[in-house]
Amino acid sequence: MNKEAYLAYLEKRKHGPKVNYYQKAIDEIQALEEAQQKPKLLLHVCCAVCAGWPLEFLKDHFSLTLYYNNSNIYPKEEYERRKNELIRFVHEVYGESVSMVFPAYDNVSYTKELEPMKDDPEGWERCFYCYEKRMEEAYRYATEHDYDYMTTVMSISRQKDSQKLNEIGEKLSKKYPKVKYFYSDFKKKGGQIRRDEIVKEYDLYHQDYCGCIYSYQERQKKIGNQ
Ligand code: SF4
């Protein structure tokens, strides 16, 4: 790992100039309302906890499909647990009005790709790779299935850099120009407070590590099991 580059990144994340992606989301929604349109949006979702507020935010403005492509999650039981909790939550709150797609799970191949970056701290290049990989899978699916927009719920997380996620979205929108990227910053303007309220209201399972085997091992170290 390049420590200097990492420290420079942290400094920029804290103090550097920022694009207001929350405002971009509001502007896009206003334009859709004026045009009286409700387009199709494919939403990459990593778990029920992170999905709660983005779903509430988007549901009146888009016809939503959730895309749960999270082969990063280790072990498989955890992947299934988050998936089943998402299904329970969506059925309870949205019934059949929100559809879901579950592509094949392959954590072995995924981990092989992350392995060269295994010593990176969380929130650095291994994670950037992981965001982009899952977002690109979703973008490809959105393109192949004629969606109008694609976005991810991941900007709700305090640990995840919204600027970076939106930059990845922008890059992918150039690679897959048939589908627009919906810029967003779900953690802003009370998003995290609402997220926590939804977690409480629906008693959602709240995992204590991000997902991959490396974040799992870090968590195990913290709780003293290694
Ligand atoms: S910590 Fe989370 S975002 Fe980072 S590589 Fe692991 S699963 Fe992906």
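Residues numbered from 1 in each chain as written. Predicted model: local features only at pLDDT ≥ 70, side-chain atom pairs only at ≥ 80, totals over all residues.

The full set of residues close to the ligand is N72, L114, E122, R126, C127, C130, C210, G211, C212, Y214 and S215. Counting only elements with at least two residues in the shell around the ligand, the list comes to helix 6 (125–144) and helix 9 (213–222). Element by element, the count of residues in the shell around the ligand is highest for helix 6, at 3 residues. Residue composition of the shell around the ligand, grouped by class: 6 nonpolar, 3 polar and 2 charged. (Near = placed C-beta within 6 Å. Helix = DSSP H or I, 4+ residues; strand = E, 2+ residues; numbered from the N terminus. Nonpolar A, V, L, I, M, F, W, Y, C, P; charged D, E, K, R; others polar.)

Let's shift gears to the environment of E77. Relative to the elements of secondary structure, E77 occurs in helix 4 (residues 76–94). C-beta crowding within 10 Å serves as the criterion here: with 9 such atoms nearby, E77 is assigned to the exposed category. For the pair E77 and L55, spaced 22 residues apart in sequence, the C-alpha separation works out to 25 Å. (Buried ≥ 20, exposed ≤ 12 C-beta atoms within 10 Å, placed from the backbone.)

Another aspect to go through is the environment of K3. Checked against the element boundaries, K3 lands in helix 1 (residues 3–15). For K3 and D120, which are 117 residues apart along the polypeptide, the C-alpha to C-alpha distance reads 9.6 Å.

Before going further, it helps to spend a moment on the pairing of strand 2 (residues 63–67). In terms of burial, strand 2 is largely enclosed, as 4 of its 5 residues are buried. The β-α-β motif built from strand 2, the intervening helix 4 and the parallel element strand 3 (residues 99–101) has right-handed crossover chirality. (Right-handed = clockwise from strand over helix to strand, strands pointing away.)

Turning our eyes to something else, we now look at unusual backbone geometry. Note: most residues except glycine have negative phi, and most peptide bonds are trans. The omega torsion across Y74 and P75 is -10 degrees, close enough to zero to call that bond cis. By the element assignment, P75 lies in the loop between strand 2 and helix 4. Despite not being glycine, Q36 shows a phi value in the positive range, around 50 degrees. Note on placement: Q36 falls in the loop between helix 2 (21–34) and strand 1 (40–44). Assessed through the 6 C-beta atoms surrounding it within 10 Å, Q36 is described here as exposed. Residues other than glycine seldom take positive phi values, yet D146 does so here, at roughly 60 degrees. Mapping D146 onto the fold places it in the loop between helix 6 and strand 4 (149–152).

The next point concerns the packing of helix 6 against helix 7 (residues 162–175). One way to put it is that helix 6 packs onto helix 7 with a least axis distance of 10 Å and a crossing angle of 40 degrees. Comparing their axes, helix 7 and helix 6 come out oblique. As helix 6 packs across helix 7, the resulting crossing turns out to be right-handed. Contacts between helix 6 and helix 7 involve F128, Y131, E132, M135, E136 and Y139 from the former and K164, L165, I168, G169 and L172 from the latter. For the contact of helix 6 with helix 7, a count of residues per class yields 7 nonpolar, 1 polar and 3 charged. (Axes fitted to C-alpha atoms, helices over the stretch in contact; angles between N-to-C directions. Parallel < 35°, antiparallel > 145°, perpendicular 65-115°, else oblique. Left-handed = near helix turned anticlockwise from the far one by under 90°. Contact = placed C-beta atoms within 7 Å.)

Bringing the nonpolar core into the picture now. The biggest cluster of nonpolar side chains holds 51 residues, and the ones touching the most others in it are L41, L43, V45, C50, A51, M150 and V153. Of all the secondary-structure elements, those providing two or more residues to this core are helix 2, strand 1, helix 3 (48–58), strand 2, helix 4, helix 6, strand 4 and helix 7. Per-element accounting of this core gives the leading share, 8 residues, to helix 3. Ignoring sequence-local partners within four residues, the contact set of L43 consists of P54, L58, L64, T65, L66, Y67, T151 and V153. (Core = buried A, V, L, I, M, F, W, Y, C linked by C-beta atoms within 7 Å.)

Let us now look at the packing of helix 3 against helix 8 (residues 191–201). Their axes nearest at 8 Å, the elements helix 3 and helix 8 cross at an angle of 120 degrees. Between helix 3 and helix 8, the interaxial angle falls into the category oblique. Crossing angle aside, the handedness with which helix 3 passes helix 8 is right-handed. Every residue of helix 8 that contacts helix 3 at V49, G52 and W53 is listed here: G191, R194, R195, I198 and V199. For the contact of helix 3 with helix 8, a count of residues per class yields 4 nonpolar, 2 polar and 2 charged.

Let us now look at the sheet that holds strand 1. Pairing is parallel in the open sheet, where 5 strands are placed in the order 3-2-1-4-5. Every other strand in the sheet has two partners, leaving strand 3 and strand 5 (180–181) as the edge strands with one partner each. Against the sheet, helix 6 makes contact with strand 1, strand 2 and strand 4, and its axis sits at roughly 155 degrees relative to strand 1, the strand it touches most. (Pairing = 2+ DSSP bridges.)

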